Protein chains: 2
Amino acid sequence: MNAKDILIKAVQCDKEGRILEAQSLYQDGIQILMDVVADETDAAKKKVYYERIKEYIDRAEQIKIRVQKHAETGEIVANIPIDENSCGHSYRSLFGKYLNTDVKEILLDEPYLTERYQFQNLLAFAELAVKQSKNLKYIRLITKPDSKNPDGQAAILKQIKDDLAKREITLTIKYEPSLHDRKIVLSNGYIIKIGRGLHFFKAISPLYSLGLCDYDFRKCLQTDVDIWRTKNFS
Amino acid sequence: MNAKDILIKAVQCDKEGRILEAQSLYQDGIQILMDVVADETDAAKKKVYYERIKEYIDRAEQIKIRVQKHAETGEIVANIPIDENSCGHSYRSLFGKYLNTDVKEILLDEPYLTERYQFQNLLAFAELAVKQSKNLKYIRLITKPDSKNPDGQAAILKQIKDDLAKREITLTIKYEPSLHDRKIVLSNGYIIKIGRGLHFFKAISPLYSLGLCDYDFRKCLQTDVDIWRTKNFS
């Protein structure tokens, strides 16, 4: 897509309340406009471009602040302590009911996505979200880059992105080397904070045991799950 | 367990309506009594043993006929055609509602259990059964022996048997080289017949795609599912 199409889509998403996707599109559009303006020699045209860029930067910044505030405020609606070696804590059991049809966008901060089981957890989360949130259009994933095998990580995330795209859900991936906190922000106003992020399941042993598909059968590591309720951010 | 304990348990299961398990225990007990009788020299004692053996053989035979008749009669309650490449046909979606708390025993005829994905399907079925049928006590699995790697097959099925045992569910495995038909007989009176048995899911491709855990996302092979309702057999 060229800058114009991207920014038209950004404004459209913004109007429809899909603000995470809008923010991402504004940023992409700004980047392209910056390249265009660098090649532009006509001063008057340059000025128009700069105004546009400023406008989109402001809008993206506003969205960022809105989502940030959203994640900082709110009241806690559930605290679920998970005991070491306990079972029955699949994503569906823990927070499936919050992934309802009001969710249009999801912001997922998950620092660790490098191991096979971690990608598997991401997929299990995506399966639940796709199944339950029928109006889901956009997921923004923020994760740490894999310092040992960045290409492998990118290739697997691309597979998942392509798979979601077939279901008309856009996944954008942002790498943040310093990311630490884990959280899942749903556009319907719920925020799920898990001490260990998505990765609190123990491996099944032996290989052919219950828990291979249904994570409710997996033993867990000790962690806490807090569910917050804020106003929806869209 | 010795013959006496086995046969006490058999009679107890029989009384509680767990007739599949009773049948299996009668057969085990008979086998041990046969060995005992062979070593017995006292003619009077021999006679008593033979009477007992005859009694248990008759009882096991009665159960066999009852279950057989059960599977032959009944009325069809649902016919679900699965189209090639269609999705949304996890075991839960297809027949989860019949796996209710009335199910104490399951008879599973599944000829093909040799490949990794086939054992995985068996586990997915077991997960569903354990989760939904809280009173499940016994599963009898009949399958074809793996002619190439019988020890590998037995080892994996043993893993699954041990795992179920932890949940106080007995799994017995019987190998029948000539088995062809697939069916799942539930002791609450429902019988599930799937043309391809448990194995009608296509592999996901690429590896990291939705459908890794949740089989509702998997594309299917064409097959038919018939659900029959009979009187419960216990």
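Worth saying up front: this structure is predicted, and the values here are computed from it rather than measured. By convention here, each chain's residues receive numbers from 1 onward along its written sequence. All chains are assigned letters beginning with A, and all ligands numbers beginning with 1, in the order in which they are written. Confidence filtering applies because this is a predicted model: local features only for residues at pLDDT of at least 70, side-chain atom pairs given and counted only at 80 or more, and all residues used for totals across whole chains, interfaces and linings. Hydrogens and water are ignored here; the side-chain numbers use all heavy atoms of the structure.

### Observations regarding the overall build of chain A
Now for step 1: The helix count covers DSSP runs of H or I at least four residues long, the strand count covers runs of E at least two residues long, and both are numbered beginning at the N terminus. Within chain A, the secondary structure is distributed over 6 helices and 7 strands.
Now for step 2: Mapped from its N terminus to its C terminus, chain A presents α and β elements in the order α-α-α-β-α-β-α-β-α-β-β-β-β.
Now for step 3: Projected onto the principal axes, the alpha-carbon positions of chain A cover approximately 70 × 40 × 30 Å.
Now for step 4: Whether a residue is buried, partly exposed or exposed follows from its accessible area with a 1.4 Å probe, protein chains only, as a fraction of its type maximum: under 20%, in between, or over 50%, in that order. For chain A, buried positions account for 49% of its 234 residues.
Now for step 5: Across chain A, the fraction of contacts at a sequence separation of at least 24, relative to all contacts at a separation of at least 6, is 76%.
Now for step 6: Looking at charge distribution, chain A has the averaged site of its 37 positive side-chain charges lying 2 Å from that of its 34 negative ones. Throughout, a residue-residue contact means that at least one pair of heavy atoms, one from each residue, lies within 4.5 Å. When charges are counted, Lys and Arg contribute as positive and Asp and Glu as negative, whereas His and the chain ends are disregarded. By convention, charge coordinates are those of NZ in Lys, CZ in Arg, CG in Asp, or CD in Glu.

### Examining the layout of surface pockets
All names here are of chain B.
Now for step 1: Within this model, the largest pocket holds a volume of roughly 710 Å³.
Now for step 2: Contributing to the lining of the largest pocket are 30 residues, with Leu107, Asp109, Ile142, Glu176 and Lys183 lying nearest its centre.
Now for step 3: At the level of elements, α2 (19-39), α3 (43-72), β2 (105-109), β3 (138-143), β4 (170-175), β6 (190-194) and β7 (223-229) are the ones that each hand at least two residues to the lining of the largest pocket.
Now for step 4: Any residue that is not Ala, Val, Leu, Ile, Met, Phe, Trp, Tyr, Cys, Pro, Asp, Glu, Lys or Arg is counted as polar, Gly included; the first ten are nonpolar and the last four charged. The class makeup of the residues in the lining of the largest pocket is 10 nonpolar, 7 polar and 13 charged.
Now for step 5: The split into domains, and so the bounds of each, comes from an automatic or database assignment of domains. Per-domain counts for the lining of the largest pocket show at least three residues from each of domain 1 (3-70) and domain 2 (75-229). Site definitions follow a grid-based scheme: protein atoms alone, a 1 Å grid, a 1.4 Å probe that fits but cannot get out for cavities, and for pockets an open set with protein on both sides within 12 Å along at least five of seven lines, plus lining residues having an atom within 4 Å of a point. Grid points are joined across faces, edges and corners, and a volume is the space filled by probe spheres set on the points.

### Describing the packing of helix α2 (residues 19-39) of chain A against helix α3 (residues 43-72) of chain A
Residues and elements named next belong to chain A.
Now for step 1: Axes, fitted as lines to C-alpha atoms, cover a helix only where it is in contact. Angles between the N-to-C directions of the axes lie from 0 to 180 degrees. Contact geometry of α2 with α3 gives a least axis separation of 9 Å together with a crossing angle of 155 degrees. Here α3 runs roughly antiparallel to α2, going by the angle between their axes. Between α2 and α3 the crossing geometry is left-handed.
Now for step 2: Classifying every residue of the contact of α2 with α3 gives 18 nonpolar, 1 polar and 5 charged. Oblique is the label for any angle not covered by the other classes, which are roughly parallel (under 35 degrees), roughly antiparallel (over 145) and roughly perpendicular (65 to 115). With the far helix as reference, a near helix turned anticlockwise by less than a right angle produces a left-handed crossing, and one turned clockwise produces a right-handed crossing.

### A few points about the sheet that holds strand β5 (residues 183-186) of chain B
Residues and elements named next belong to chain B.
Now for step 1: DSSP calls a pair of strands paired once it identifies at least 2 bridges connecting them. Taken in spatial order, the 7 strands make up an open sheet running β1-β7-β6-β5-β2-β3-β4, and their pairing is mixed. Here the strands that pair on one side only, and so sit at the sheet edges, are β1 (75-82) and β4. The average angle at which neighbouring strand axes cross in this sheet is 15 degrees, direction not considered.
Now for step 2: With respect to the sheet, α2 is in contact with β2, β3 and β4, its orientation differing from that of β3 by roughly 65 degrees.
Now for step 3: Across the sheet, helix α6 (residues 150-166) lies against β3 and β4, angled at about 160 degrees from β4, the strand it touches most.

### Digging into empty space enclosed by the protein
Now for step 1: What the rule picks out here adds up to 4 cavities of 30 Å³ or more.
Now for step 2: Roughly 70 Å³ of volume is contained in the largest cavity.
Now for step 3: As for the largest cavity, its lining consists of A:Leu108, A:Leu122, A:Phe125, A:Ala126, A:Ile139, A:Leu141, A:Ile160, A:Leu164 and A:Leu171.
Now for step 4: Secondary structure elements with two or more residues in the lining of the largest cavity: α5 (116-132), β3 (138-143) and α6 (150-166) of chain A.
Now for step 5: The greatest single-element share of the lining of the largest cavity, amounting to 3 residues, is contributed by α5(A).
Now for step 6: For the lining of the largest cavity, a count of residues per class yields 9 nonpolar, no polar and no charged.
Now for step 7: Estimates place the volume of the second largest cavity at around 50 Å³.
Now for step 8: Taken together, B:Leu108, B:Leu122, B:Phe125, B:Ala126, B:Ile139, B:Leu141, B:Ile160, B:Leu164 and B:Leu171 make up the lining of the second largest cavity.
Now for step 9: Counting residues per element, the ones that place at least two in the lining of the second largest cavity are α5 (116-132), β3 and α6 of chain B.
Now for step 10: By residue class, the composition of the lining of the second largest cavity is 9 nonpolar, no polar and no charged.

Geometry only, nothing functional implied.
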